[in-house]
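The chain contents come next:
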Amino acid sequence: MAPEAVDDSHLAAAGTLKPGSIKQILLKNFLTFKDVIITPGARLNIVVGANGTGKSTILNAICLGLGGEPKLLGRADDARDFVMHGEDEASITITLAPKPGMDTHVIERVIDRRRGKEKGNGRGASTFFINGEKVNVKEVRELVSSEYKITIDNLCTFLPQDKVSSFSSMSEQDRLRETEKTLSEDYYNMHLQLVEAVDEISENAGSLESLKQKLKKYKHENEKLERAAALVEERQKILDEASLIEKKKLWAEYDLLREQAMEIKEAKGLIKKKVTEITSELQPLQEKADRLQALRQKAEADYKAYNDETNRCKKEIEKQSNKYDNHDDTIEDIIMQLSELDSKRSRLELDAKAKQARLDEVEKGKQGFPSPEVADADLKQAQAKRREAMKSFDRAKRQEQDVESLVKELQEQGKRFQQMVAKLDNEAESRKKHVYRKFPKLHTITTLIGGDRGRFRRQVWGPVACEVTAKNKGIAAMLEFHAPKSCLMSYVVEEKRDYDRLYKWVREEMNLGININLIPNGELKQKERFYSEEKMAILKQQHGIQGYLDECFTAPDAIMQSLRNAAQVQRVLIGNDTTMDSIDNKGLLNFLSKPEAGQDPNKAAPFCVFATRGQTIIRFTGKVSRYTGKITISQDQIREASFLTTGVNEQEKQAAEAKLAEVHQQADDLRPKAQEAQHIRRQLESEAQDAQGEVEAAQKMKSHIVKYQSKHDQAKRNLQEALAALNTNDAEEKESLLSALMNRVSNSITALGAHAEQQESMMKATIASAGAAANKSSVSAVVAEAKVALQEKQAAHAETEQEARRLQADFSKTKKRAIEKKATAAEKAPLEDENGNDTELKRLIATIPFNTVAELQVAHEEAMARANDIADDPNAVRQYERRKKDIAELEVEVVRRANADATRAERIKAMADKWEGGLTQHISQVNKLFAKYMAEMDCAGEIVLSKGKDNVSNYKDWGIQILVSFREGTKVQALSAARNSGGERSVCTIMYLMALQEMMVAPFRCVDEINQGLDERNERLVFKRIVANSCRPPSCEDSSDHSGQYFLITPKLLPNLTDMEDEAVTVLFVMNGTFAVDASDTCVLHCTDHVLSLVAQVLTAFRAQTTGSSFSL
């Protein structure tokens, strides 16, 4: 519970809450706190309590309550994780100290576990309120940052427990940015503006240079365009001349058409006169032909009438003749039927006798066969015998097949194991299998390439690891270690088009990563040995060098050249134990680094050599500095090859061979059984065949019996049918046939009389028709003669009229063409203007020396030929003019940008001077304080404003270096996690923050367990400095004018702390446990003598860590 009154001495020492400081924190269901009110002091607040009781929870509440993200705390990414276990909702309420004359701001954050996406970061689970009014998180952040200068995300002012190590390991650039935000947002904003401005200038510089190059290129291109434009203009002049000739040709064609029309008009008048003359001669001939035609029509009508009567009589005669013939045919049929009835009975008697004889014959043949019952019994007995024989045969056959199946299976196993042994003996296949098992992607790519070889023009090699064969495992290990893995896993092609195809297919279409090396034509270049023959002889004789690495393995030329290019295997030396001894005792590496004749004597020679010490292989590499020319030697121990293996797995091979021998032995043991089963199967097969023969004989006998029985039954039925036919009565049928015969004879006589009458009528009509035909012929001859004369005259008339029409059509057509040609000529080549005055075109046309159409056509073709000799580039002039315009615009733009860059540079310099001046001054003050504080701890420290390595104007590289030394006599060095312990980094962190204390604009700052890792001495000194800096008295004029509120979280306090008895210190003791006081009781006691010792004793007494309430001392 906060004290109701504060005496004047405490107010003078501690002051009042600075605007933006935290007056009160109310937590409900937040982590370990069920319901608690925390009332911090205006200055230094030391929060103590056992581990897990909820000290850091207070800082978490401050961060989240003021709109911070959970990730700033480093302990969770989801706000819902801060809700107390078993509860659905938590709330944080923070009351900030107001500015003079302004309302107090109360900020509340409610976290609902039931809201937000299930797998999200919990942003939707939070609701914010300011003074009870619902707002969004942006409004909360805007209030605390702009109104009160609170920066939750700045580690210089808010350092959670899980972020303490982050501050010391922060980059120099990030440290500067955090410091700027601590000192003033203006510094930070100006810094960002400077970085952006410098980047913009860099981009513009490149853009300006690009514009200049573009301008230069345009000017060069326009010189060519200018020449092309001149040719285009010359061509246009020729085309204009051709156009003028073409226009004159239009008028010449018009004159020619007009002359042709006049000639046709004259011929048309002559032919019209001739048509009139022929028309007057045609009328008398037409009248004569009409009279003769009438006479001929009468003669034709008479002839037709007589001829029709004759045809009628012919049809009637034919009709009666057909009736007579029909009756005659029917009479003959009836007579034949009567005769047939008389002979039918004789045939039936003979047929009955024949069928009786057939029945007797069949009965006699049937006596030689047994009865059907006996035949059935014999067949069933034979079938039973066959079934038994077939069962025995099937059993024997299955036994034989089982044995043969076992033998065949053993043979297949033998083949598989034989192939396995052969495959294990194949070193290349073994290596490929190993490589593909280790790198499955390579197997996929190789399979694709192998399945579509026709896609490529030349051989595609690879992967390289599958194409090389080392002499032994040691060489394999050396090559695998020395050659880049990317080279060993790469593919090699022999021409650029294959490179492009393979890359596009595998990388772009199949989306598989692939490395490809191009070796033109797959050729192996001539070796370039690094060492002279004399030096190499010394190395071999005295130092155990066996040769170069490329001599110790084999590969196709393309693969070998690829390894030479990528790994320089032609320059790597291979040695042995002797080589190692020479390196240890004879200075071999110095000998290798000495330059030979022709090399720079002032610069060491690089080298690479492999040597062995027993089973261990070591590579020694000498690299020459580009600047000093001196050699730097490194050595690497080589591990066994992981995929460039040589040989095979002996154990696997022995196991396969043993299995193969076992399979062969089992097959040999089964062969006698197979032969015995085959013998039994053949014997039973013979018995089954005999039984089958007996069945077939019985079936044949039964078939004969059934056949003869069928014949007997059929013969008996035939005899019965013949006897039945013989007993039929035919008297009635004879009487019917005689009646029909008499009727047909009577009708035949009637048809014959009608035929005779019609024959007489036809003779009379024929005589009259002959007379009419003679008269018609004589009249037709006269008509034909008159018609010929008329037709000749009509033909002459039609021909003349046709000629007249043709001339008229030609005249109209020619006249129309002349009119159209004149209109076209007047439109395209007007010789007169609207007022009838001659045009300039008429004068120009008159200058052309050609007049006829033919002459003008030849002249036009010659002009067009000359124009076509010049390349037609219709865009040349347009491009030339457009490029001239572009050049002018670019020149203006280059000047404008150069001026803009100069103006921008001046503005940046002014801003940079202001920013750097103020920042340098502040960093200088921080440096003095930091050096002083570190000296108090018998250490050295320095804060340096680093301006980057390459360019001081590259402001994004500026940073703050913390240089420290914790040992007397040593130089200060940059703070580093690799060099300094956790306690040392904690000391530097807190002292840096203390140096910033008086310059901070934030109303409060929080540090969580900064004393972790400190020894007792440093911890006492650190606490002493914290108290000194955080508890300086406020100004006399304003009790809130001081360094601000400070929260220090610690799990313990050292006993007998001195120099910490200050009125401005408030100890907040957090206790959750069995002996917790009531949650409504909160006490604040300002520190006096021995209070801190008492706190330490109380802390020891309350170590229980169960969920409960808390109180503050």
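As the structure is a computational prediction, the values presented were derived from the model and not from experiment. (Residues numbered from 1 in each chain as written. Predicted model: local features only at pLDDT ≥ 70, side-chain atom pairs only at ≥ 80, totals over all residues. Heavy atoms only, no water.)

(A) Fine view of the pairing of strand 16 (residues 616-624). As paired strands, strand 15 (residues 607-613) and strand 16 are joined by seven bridges and run antiparallel to one another. Paired with Phe-607 across the two strands is Gly-622, which belongs to strand 16. Where strand 15 folds back on strand 16, the antiparallel hairpin that results is connected by two residues, among which Gly-614 adopts a positive phi of roughly 70°. Here eight bridges tie strand 16 to strand 17 (residues 631-638), and the two strands are oriented antiparallel to one another. Bridging across to strand 17, Arg-619 finds its partner in Asp-636. (Pairing = 2+ DSSP bridges. Helix = DSSP H or I, 4+ residues; strand = E, 2+ residues; numbered from the N terminus.)

(B) Representation of the pattern of salt bridges. Counting across every chain of the model gives 25 salt bridges. A salt bridge links Asp-78 to Arg-80; the shortest N-O distance between them is 2.8 Å. Take Asp-78 and Arg-80: they sit in the same class, and that class is buried. For Asp-452, the salt bridge identified is with Arg-455, shortest N-O distance 3.2 Å. Accessibility expressed as a relative area gives 29% for Asp-452, which makes it partly exposed. In the salt-bridge network here, residues are joined through shared partners; they are Arg-529, Asp-550, Glu-551 and Arg-564. (Salt bridge = Lys/Arg side-chain N within 4 Å of Asp/Glu carboxyl O. Buried < 20%, exposed > 50% of the residue type's maximum accessible area, 1.4 Å probe, protein only.)

(C) Spotlight on the sheet that holds strand 7 (residues 133-135). Read across the open sheet, the six strands follow the order 2-1-4-5-6-7; overall the sheet is antiparallel. Whereas interior strands pair on both sides, the edge strands pair on one side only; in this sheet they are strand 2 (33-38) and strand 7. Strand-to-strand twist across the sheet, computed as the mean angle between neighbouring axes with direction ignored, equals 15°. Relative to the sheet, helix 2 (residues 55-65) contacts strand 1 (22-30), strand 2, strand 4 (89-96), strand 5 (105-112) and strand 6 (126-130), its axis offset from that of strand 1 by approximately 100°. Where helix 3 (residues 137-147) meets the sheet, its contacts fall on strand 4, strand 5, strand 6 and strand 7, and the angle it forms with strand 6 comes to roughly 45°. (Axes fitted to C-alpha atoms, helices over the stretch in contact; angles between N-to-C directions. Contact = heavy atoms within 4.5 Å.)

(D) The pairing of strand 2, seen in detail. Bridge analysis of strand 1 against strand 2 gives five bridges, and the strand direction is antiparallel. When the bridges of strand 2 are listed, Leu-27 appears paired with Val-36. The antiparallel pairing of strand 1 with strand 2 creates a hairpin that spans two residues between the two strands, and Leu-31 there sits at a positive phi of about 50°.

(E) Representation of the nonpolar core. Formed by 66 residues in total, the largest nonpolar core has its most connected members in Leu-44, Phe-930, Met-934, Tyr-955 and Met-991. Excluding residues within four positions of it along the chain, Leu-44 makes contact with Ile-1026, Val-1027, Ser-1030, Cys-1031, Tyr-1046, Leu-1048, Ala-1064, Val-1065 and Thr-1066. Listed in part, the 49 residues of the second largest apolar core include Phe-439, Leu-479, Ala-483 and Ala-567. (Core = buried A, V, L, I, M, F, W, Y, C linked by side-chain atoms within 4.5 Å.)

(F) Spotlight on the sheet that holds strand 17. Reading across the sheet, the five strands line up as 12-14-15-16-17 and stay open at both edges, with mixed pairing between neighbours. The open sheet terminates on both sides in strands that have one partner only, identified here as strand 12 (547-548) and strand 17. Pairing analysis gives two bridges linking strand 12 to strand 14 (residues 573-574), with the strands arranged antiparallel. Looking at the pairing, Gly-547 lines up with Ile-574 of strand 14.

(G) Spatial organisation of the packing of helix 21 (residues 875-936) against helix 22 (residues 982-995). For the pair helix 21 and helix 22, the least separation of the axes is 8 Å and the interaxial angle reads 135°. In this view, helix 21 runs oblique relative to helix 22, as classed from their interaxial angle. The way helix 21 lies across helix 22 gives a crossing that is right-handed. In this structure, helix 21 uses Val-926, Leu-929, Phe-930, Tyr-933 and Met-934 to contact helix 22, whose residues at the interface are Val-987, Cys-988, Met-991, Tyr-992, Met-994 and Ala-995. Of the residues that constitute the contact of helix 21 with helix 22, the class distribution is 11 nonpolar, no polar and no charged. (Parallel < 35°, antiparallel > 145°, perpendicular 65-115°, else oblique. Left-handed = near helix turned anticlockwise from the far one by under 90°. Nonpolar A, V, L, I, M, F, W, Y, C, P; charged D, E, K, R; others polar.)

(H) Seen up close, the environment of Ala-789. For Ala-789, the position within the fold is in helix 18 (residues 731-828). By relative accessible area, which is 31% here, Ala-789 ends up partly exposed. The spacing of Ala-789 and Ala-289 is 500 residues in sequence and 9.2 Å in space, taken between C-alpha atoms.

(I) A look at a negative patch on the surface. A cluster of acidic side chains, namely Asp-255, Glu-259, Glu-263 and Glu-266, defines a negative patch on the protein surface. Checked against the element boundaries, Glu-259 lands in helix 6 (residues 185-366). Judged by relative accessible area, which is 48%, Glu-259 ranks as partly exposed. (Patch = residues over 30% accessible without salt bridge, like charges linked within 9 Å, V, L, I, M, F, W, Y side chains within 5 Å. Areas by Shrake-Rupley, 256 points an atom, 1.4 Å probe, with all protein chains shown as cover. Lys, Arg positive; Asp, Glu negative; His and termini not counted. Charge placed at Lys NZ, Arg CZ, Asp CG, Glu CD.)

(J) Representation of a positive patch on the surface within the structure. Together, Arg-387, Lys-391, Arg-395 and Arg-398 make up a region of like positive charge exposed at the surface. Along the polypeptide, Arg-387 turns up in helix 7 (residues 372-425).

(K) Looking closely at helix 9 (residues 440-451). In this model, helix 9 (12 residues) spans 17 Å end to end at C-alpha, consistent with the 16 Å of a helix rising 1.5 Å per residue. Taken as a whole, helix 9 has its buried residues at Leu-442, Ile-445 and Ile-449. End-on view of helix 9: buried residues confined to an arc of 65°, all on one side of the axis. Structural note: helix 9 exposes Pro-440 and Gly-451 on the side pointing more than 90 degrees away from its buried face. (Expected span 1.5 Å × (residues − 1). Arc of directions from axis to C-beta.)

(L) Representation of the confidence of the model for the protein in the model. Mean pLDDT for the protein: 77, with 82% of residues reaching 70 or above. At the level of individual helices and strands, the protein shows its lowest average pLDDT in helix 24 (residues 1091-1101), which scores 45, and its highest in strand 14, which scores 94. Ignoring residues within four places in sequence, the model shows residues 1-5, a span with pLDDT below 50, making seven contacts including any to other chains. Throughout residues 1077-1113 the model reports pLDDT below 50, and contacts reaching past four residues in sequence, or to other chains, amount to 87 contacts. (pLDDT = per-residue confidence, 0-100.)

(M) Representation of the packing of aromatic side chains within the structure. One pass over the structure, following the stated rule, counts eight aromatic pairs. Centre to centre, the rings of Phe-530 and Tyr-531 are 5.1 Å apart; their planes meet at 85°, and the pair counts as edge-to-face. Accessibility assignment for this pair places Phe-530 and Tyr-531 in one class, buried. Seen from their ring centres, Trp-915 and Tyr-955 are 5.7 Å apart, and the 90° between their planes marks the pair as edge-to-face. With Trp-915 in helix 21 and Tyr-955 in the loop between strand 18 (940-946) and strand 19 (959-965), the pair connects residues that are 40 residues apart, well separated along the chain. On the basis of relative accessible area, Trp-915 is assigned to the buried category, the value being 0%. Here Tyr-955 falls in the buried class, since its relative accessible area comes to 9%. Geometry around Trp-505 places Arg-455 over its ring, the cationic atom sitting 3.9 Å from the centre. Sitting over the face of the ring of Phe-591, Lys-535 holds its NZ or CZ atom 4.9 Å from the ring centroid. (Phe/Tyr/Trp six-rings, centres within 6.5 Å; stacked < 30°, edge-to-face > 60°. Lys NZ or Arg CZ within 6 Å of the ring centre and 35° of its normal.)

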